[in-house]
Amino acid sequence: MFETLDTLTPESILGLLAAFRADPAPGKIDLGVGVYRNEQGITPVMKAVRLAEQAVYADQDSKSYLGPMGNDAFNTSICNLVLGAGHAALAAARARAFQSPGGCGALRLGAELIRKAGSAGTVVHVSDPTWANHVPLLTGAGIRIASYPYYDAATGEVRFQAMMDYIDALSPGAVVLLHGSCHNPTGADLSPAQWQLLVDVLARRQLVPFVDFAYQGLGVGVEADALGARLVAEKLPEALIALSCSKNFGLYRERVGALIVVSQDAAQLEAAMSHLRAISRGIYSMPPDHGAAVVARILGDASLAEVWRNELSQMQARMRTLRVDLTRALRQACPDRDFSAIERQHGMFSLLNLSPAAVDHLRETHHIYMPQNGRINVAGLDPNAIAVLSAAIAALPSALR
Ligand code: LMR
């Protein structure tokens, strides 16, 4: 039967990772896949994670099944982290987390739930641009995608009025996918005042926000980054929040995430959870436990949580410094172009406003790797990479500028 299959071109982000690994050039620079790197260029196991892993190994007395919802302690503590302990939706028993295999698993569970709850061909409105993998995660569940205006490439800012006008014209029940913080791929986030205005429109138009929240703590801070997720859970009767512990706990390969469902009341929440149990059972049955047990251990232990928060805030501060340094270097190397938005943007990613041909040239000539849309992983930079990248952009042939 496999003779009917064409070989697919590699997926844009993970394909790039494979291409980078295969490149023998000694000075190659990886600005592709979104993983945090420290000053040594390493994606470390966080100290809090190592300590929690030791405790989990010492205490765990069984590897028996947990169930489709995963680890209860994780689900409880991650709700408290994302929504804030004592959040009104938690107090009213109308919000609950369902553990998933990573943020992708949470997005897929959310998409499957939307399709179950809505009519076939349900549309989810995503930002223009959005993370490339939103497309297969949503369409693979039978969802159709439409795009709302989001990013102004000329200014590097959010096209807020255009976004609001689009959302204000949607029909009741429409689902709007929002990035909780650290917008991927642009780094252009909504301000607190813009979140308030957006949530007012979502409520007035009876829309359902689906918040992709994969970078809590890496934008401005753990609490500040959660503002949008907390607001939608407070002000709206229904919301979905897909979260990931890949980046903020450095647990990438352990696949730790959750879908938080916010519902009108406890009965509807239980109905939604029953469908999620059936959906997960029909795809992967149950999520892996190890990473979730580690996160639960960290968040359930005040001193471990303190170690984790300090480590995370150092990571956030390092990326902020790299943004300042890169903006300065680009300003000096390319005085005719405005890269100042990079300094104002948040999280791991920014777009460099380069054409696909320029991206190819940087890879082929300078061994600098980034996806075709010109997105860079800020955490992949170091002083050498900043110098090489700035000089390479300044030296782009005029036809590619
Ligand atoms: C990214 O956008 O690079 C990350 O979210 C990793 C991934 O899975 O694509």
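Higher on the page you've got the structure.
Residues numbered from 1 in each chain as written. Predicted model: local features only at pLDDT ≥ 70, side-chain atom pairs only at ≥ 80, totals over all residues. Heavy atoms only, no water.

1. Side note on the site of the ligand
Near the ligand the following residues occur: I13, V33, G34, W131, N184, Y215, K247, F349 and R375. Contact distances for the ligand include 2.7 Å between an oxygen atom and a backbone N or O atom of G34. In this structure, an oxygen atom belonging to the ligand sits 2.9 Å away from a side-chain N or O atom of W131. Expressed as a share of its isolated accessible area of 260 Å², the protein-covered part of the ligand is 83%. (Near = heavy atom within 4 Å. Polar contact = N/O pair within 3.5 Å; in protein donor to acceptor, adjacent residues only side chain to side chain. Areas by Shrake-Rupley, 256 points an atom, 1.4 Å probe, with all protein chains shown as cover.)

2. Considerations on the pattern of salt bridges
Going through the model one piece at a time under the given rule, you end up with 15 salt bridges. The partner of K235 in a salt bridge is E234, with the nearest N and O atoms 3.5 Å apart. Salt bridges sharing partners connect three or more residues here, namely R96, E270 and R277. (Salt bridge = Lys/Arg side-chain N within 4 Å of Asp/Glu carboxyl O.)

3. Some details on the sheet that holds strand β10 (residues 257-262)
Taken in spatial order, the 7 strands of this open sheet run β2-β10-β9-β8-β7-β3-β4, and their pairing is mixed. The open sheet has two free edges, formed respectively by β2 (95-100) and β4 (144-149), since each of these has just one partner strand. Geometrically, the sheet is characterised by an average inter-axis angle of 25° between neighbouring strands, direction not taken into account. Here β2 runs beside β10; their pairing, made up of 6 bridges, is antiparallel. Bridging from a neighbouring strand, A95 pairs with V262 of β10. Helix-sheet contacts for helix α5 (residues 102-117) involve β2, β3 (123-128), β7 (175-179), β8 (208-213), β9 (239-244) and β10, and the interaxial angle to β9 is about 160°. Across the sheet, helix α10 (residues 227-235) is in contact with β8, β9 and β10; its angle to β8 comes to roughly 155°. (Pairing = 2+ DSSP bridges. Helix = DSSP H or I, 4+ residues; strand = E, 2+ residues; numbered from the N terminus. Axes fitted to C-alpha atoms, helices over the stretch in contact; angles between N-to-C directions. Contact = heavy atoms within 4.5 Å.)

On their own, these measurements won't tell you what the molecule is for.
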